[in-house]
Each structure stands twice: as structure tokens, then as C-alpha cells.
Amino acid sequence: MTRISQSLALLIFLCEVIAFAASFSTNLAAHPHASVPLGILWLMLRYFTIWTNSLVGILFGVMLWRKRLFSPALLAALMLWMTIVGAVYHLLLAGNAELYGLNWLENFLYHTAAPILVPIWWLLFAPKRSLQWRDAGLWLIWPAVYLVYAVVRGLETGFYPYFFLNLTQLGWNGLAIWSAQFVIAFWLGGLVIVALGRVMAWMRLSR
């Protein structure tokens with residue numbers, strides 16, 4: 001990793017650490033009777049945003065510690081998943097409610113800053129030559145695992161973190177339609193990323 005690459009990776013890592021701390025604090029304030037820390041973590045892990053941002057924070061922290069990159073396929077997957085996190089929030093979930101303090105900070109870092117910084121880092125520094133079309137299919141595993149988890153947890157607790165996963169309101173047919181739409185979006189996004197990476201490698205804009 002070059003110094004510039006490490007600097008931007010450090011910024012991403014710090015964003016994730018600060019966002020996680022802010023989220024933990026706001027959840028603790030909202031649920032003071034939850035056992036700490038496992039109870040708060042259980043509450044936080046209802047959301048794909050937390051899943052994906054936490055994964056990004058862990059992997060970027062490991063890269064900074066080892067000063068070595070992960071595989072091109074995994075780095076591109078992080079880029080895809082973070083882009084989807086930002087896009088879904090701003091297109092489907094962002095409301096008009098005003099956020100303040102730690103709530104605003106958490107929301108901004110998780111849904112805006114990180115989904116912008118990770119793609120920038122990927123475009124500038126991630127190797128791309130070895131990306132394959134089949135990678136776009138493999139990148140569906142992470143959101144698919146979350147989907148199963150969220151639905152099973154919802155059936156158990158009655159809480160669904162997103163309206164498009166609310167089995168109580170949508171029914172199985174509605175859930176299937178929304179799930180299919182997201183699978184297609186993730187897959188098409190993955191194909192675009194593979195194509196972009198291969199073009200950049202062919203033009204010698206990337207390794």
C-alpha cells in the first residue's frame with residue numbers, strides 16, 4: 001500500500017470507528033435497559049448498514065495493520081455493497097426528519113461519507129485486472145445471508161428493519177418481489193463494477 005492509499009484507508013477506518021461508537025451511544029441512550037455491550041450489539045445488528053460498514057471497518061483496519069491488500073474480488077465487493085448502502089438509503093429510506101448530534105454524525109458517516117470514500121479508494125488504489133464476471137454472482141452471498149437473517153429475526157421478534165423486508169405488511173409474495181429487485185440490482189451493479197475494473201485495467205489505469 002502506498003502512503004496515499006494508506007491515508008485514505010485510515011480515513012475510512014476512522015469514519016467506521018467513529019460511526020460505530022456514535023451508533024452504540026445512541027442505541028444505549030434509546031435502550032438503557034439493554035445489557036451492555038452484547039445487548040446493544042444485538043440491537044445494532046438488525047441493519048444491513050451496520051453489517052456492511054462494520055465489515056468495511058474491520059477489513060480496512062486489517063489492511064492498515066498488515067500493509068497488504070485483500071483480493072481484488074473482495075475489495076470490489078466492498079465497493080459494491082457500500083454503494084448499495086448509500087443508494088438505498090438516499091433513494092428509499094431518507095426521510096425529512098431532522099437529525100442532531102450523534103444521530104446526525106452516525107447517519108452521515110454510515111450512509112454518505114463511507115459510501116463515497118470506499119468507491120473513491122477502490123477507483124484509485126484497488127487492483128482490478130483479475131476481476132471475473134462470475135464475481136458478480138458471488139457478491140450476492142453477503143446480502144442473501146443478511147436477507148435470511150433479517151427475515152428469520154423478524155419472524156422471531158416481530159421487528160423488521162426496513163419496509164421492503166416487512167413480511168407482516170408485504171406478505172411472502174411482496175417480500176419475494178422486493179428481494180428479487182434487490183438481487184437484480186446487486187447483480188447488475190456487480191457486472192458494472194467488473195466491466196469498469198476490466199476497462200480500467202485494459203487502459204492501464206489500474207493494476
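Predicted, not measured: the structure shown is a model, and the values here were computed from it.

Analysis parameters
- Residues numbered from 1 in each chain as written.
- Predicted model: local features only at pLDDT ≥ 70, side-chain atom pairs only at ≥ 80, totals over all residues.
- Heavy atoms only, no water.
- Core = buried A, V, L, I, M, F, W, Y, C linked by side-chain atoms within 4.5 Å.
- Buried < 20%, exposed > 50% of the residue type's maximum accessible area, 1.4 Å probe, protein only.
- Helix = DSSP H or I, 4+ residues; strand = E, 2+ residues; numbered from the N terminus.
- Contact = heavy atoms within 4.5 Å.
- Phe/Tyr/Trp six-rings, centres within 6.5 Å; stacked < 30°, edge-to-face > 60°.
- Expected span 1.5 Å × (residues − 1).
- Polar contact = N/O pair within 3.5 Å; in protein donor to acceptor, adjacent residues only side chain to side chain.
- Axes fitted to C-alpha atoms, helices over the stretch in contact; angles between N-to-C directions.
- Left-handed = near helix turned anticlockwise from the far one by under 90°.
- Nonpolar A, V, L, I, M, F, W, Y, C, P; charged D, E, K, R; others polar.
- Lys, Arg positive; Asp, Glu negative; His and termini not counted.
- Salt bridge = Lys/Arg side-chain N within 4 Å of Asp/Glu carboxyl O.
- Parallel < 35°, antiparallel > 145°, perpendicular 65-115°, else oblique.

**Student:** Got a minute to help me understand the nonpolar core in this structure?
**Tutor:** If you look at the biggest cluster of nonpolar residues, it comprises 56 residues, and the most contacted ones within it are Phe-60, Trp-81, Trp-121, Trp-122, Trp-139 and Phe-186. When residues of this core are traced back to their parent elements, those giving at least two are helix 1 (3-30), helix 2 (38-44), helix 3 (48-66), helix 4 (72-93), helix 5 (101-125), helix 7 (141-157) and helix 8 (167-202). Of the residues forming this core, the biggest block, 11 residues, is contributed by helix 4. Those residues in contact with Trp-121 that lie beyond four places of it in its chain are Met-1, Ser-5, Leu-8, Ala-9, Ile-12, Phe-60, Met-63, Leu-69, Leu-75 and Ala-126.

**Student:** So what exactly am I meant to see when it comes to the packing of aromatic side chains here?
**Tutor:** The way to describe two aromatic rings as a pair is by their centre distance and the angle between their planes. Considering all chains together, one arrives at 19 aromatic pairs under this definition. Pairing Phe-163 with Phe-164 gives two aromatic rings, centres 5.1 Å apart and planes at 75°, and the pair type is edge-to-face. On the basis of an interplanar angle of 90° and a centroid distance of 5.4 Å, the ring pair of Phe-163 and Trp-178 is categorised as edge-to-face. Taken together, the positions of Phe-163 in the loop between helix 7 and helix 8 and Trp-178 in helix 8 put the pair 15 residues apart, joining distant regions of the chain. For Phe-163, a relative accessible area of 39% puts it in the partly exposed group.

**Student:** Explain helix 8 to me, please; I cannot follow it from the model alone.
**Tutor:** Given 3.6 residues per turn, any residue in an α-helix points the same way as the ones three and four places further on. With 36 residues, helix 8 ought to run about 52 Å at 1.5 Å a step, yet its terminal C-alpha atoms sit only 45 Å apart, falling short of that. Structurally, the start of helix 8 carries an N-cap: the backbone nitrogen of Thr-168 is 3.1 Å from a side-chain oxygen of Asn-166. Phi turns positive, to about 60°, at Arg-204, one or two residues after helix 8.

**Student:** In this structure, what is going on with unusual backbone geometry? I would like to understand it.
**Tutor:** Leaving glycine out, the prevailing phi sign among residues is negative, and the prevailing peptide bond configuration is trans. The phi angle at Lys-67 is positive, at roughly 60°, despite the residue not being glycine. Tracing the backbone through its elements, the reader meets Lys-67 in the loop between helix 3 and helix 4.

**Student:** Explanation requested: the environment of Leu-155 in the structure shown.
**Tutor:** Assignment of secondary structure puts Leu-155 in helix 7. Look at Leu-155 and you get exposed, because its relative accessible area is 52%. Measuring from C-alpha to C-alpha, the distance between Leu-155 and Thr-168 comes to 8.8 Å, with 13 residues separating the pair along the chain. The residues touching Leu-155, leaving out its near neighbours within four places in the chain, are Tyr-160 and Leu-167.

**Student:** Even after reading the chapter, I still don't get the environment of Phe-24, so can you show me in this structure?
**Tutor:** Secondary-structure assignment places Phe-24 in helix 1. Along the sequence, Phe-24 and Leu-102 sit 78 residues apart, while their C-alpha atoms lie 9.8 Å from each other.

**Student:** Help me understand the packing of helix 3 against helix 4 in this model?
**Tutor:** Two measures define how a pair of helices packs: the angle their axes make with one another and the distance between the axes. Packing of helix 3 against helix 4 leaves a shortest axis separation of 10 Å and a crossing angle of 145°. Crossing hand, helix 3 versus helix 4: left-handed. For the pair helix 3 and helix 4, contact is made by Phe-48, Thr-49, Thr-52, Asn-53, Leu-55, Val-56, Leu-59, Phe-60 and Met-63 and by Leu-74, Leu-75, Leu-78, Trp-81, Met-82 and Val-85, respectively. Taken together, the residues of the contact of helix 3 with helix 4 sort by class into 12 nonpolar, 3 polar and no charged.

**Student:** Looking at this structure, how should I read the side chain of Glu-106?
**Tutor:** Considering the arrangement of structural elements, one finds Glu-106 in helix 5. One buried charged residue, Glu-106, forms no salt bridge at all, with the nearest opposite charge on Arg-46 at 9.2 Å. Of the polar contacts made by the side chain of Glu-106, one reaches the side chain of Thr-26; its length is 3.1 Å.

**Student:** Help me understand the packing of helix 3 against helix 7, please; the structure alone is not making it clear to me.
**Tutor:** Orientation of helix 3 relative to helix 7, taken along the N-to-C sense of each, is 140°, at an axis distance of 11 Å. By the angle class used here, helix 3 and helix 7 are oblique. The handedness of the crossing between helix 3 and helix 7 comes out as right-handed. Contacts between helix 3 and helix 7 pair Phe-48, Trp-51, Thr-52 and Leu-55 from the former with Trp-142, Pro-143, Val-145, Tyr-146 and Tyr-149 from the latter. When grouped by side-chain class, the residues that make up the contact of helix 3 with helix 7 number 8 nonpolar, 1 polar and no charged.

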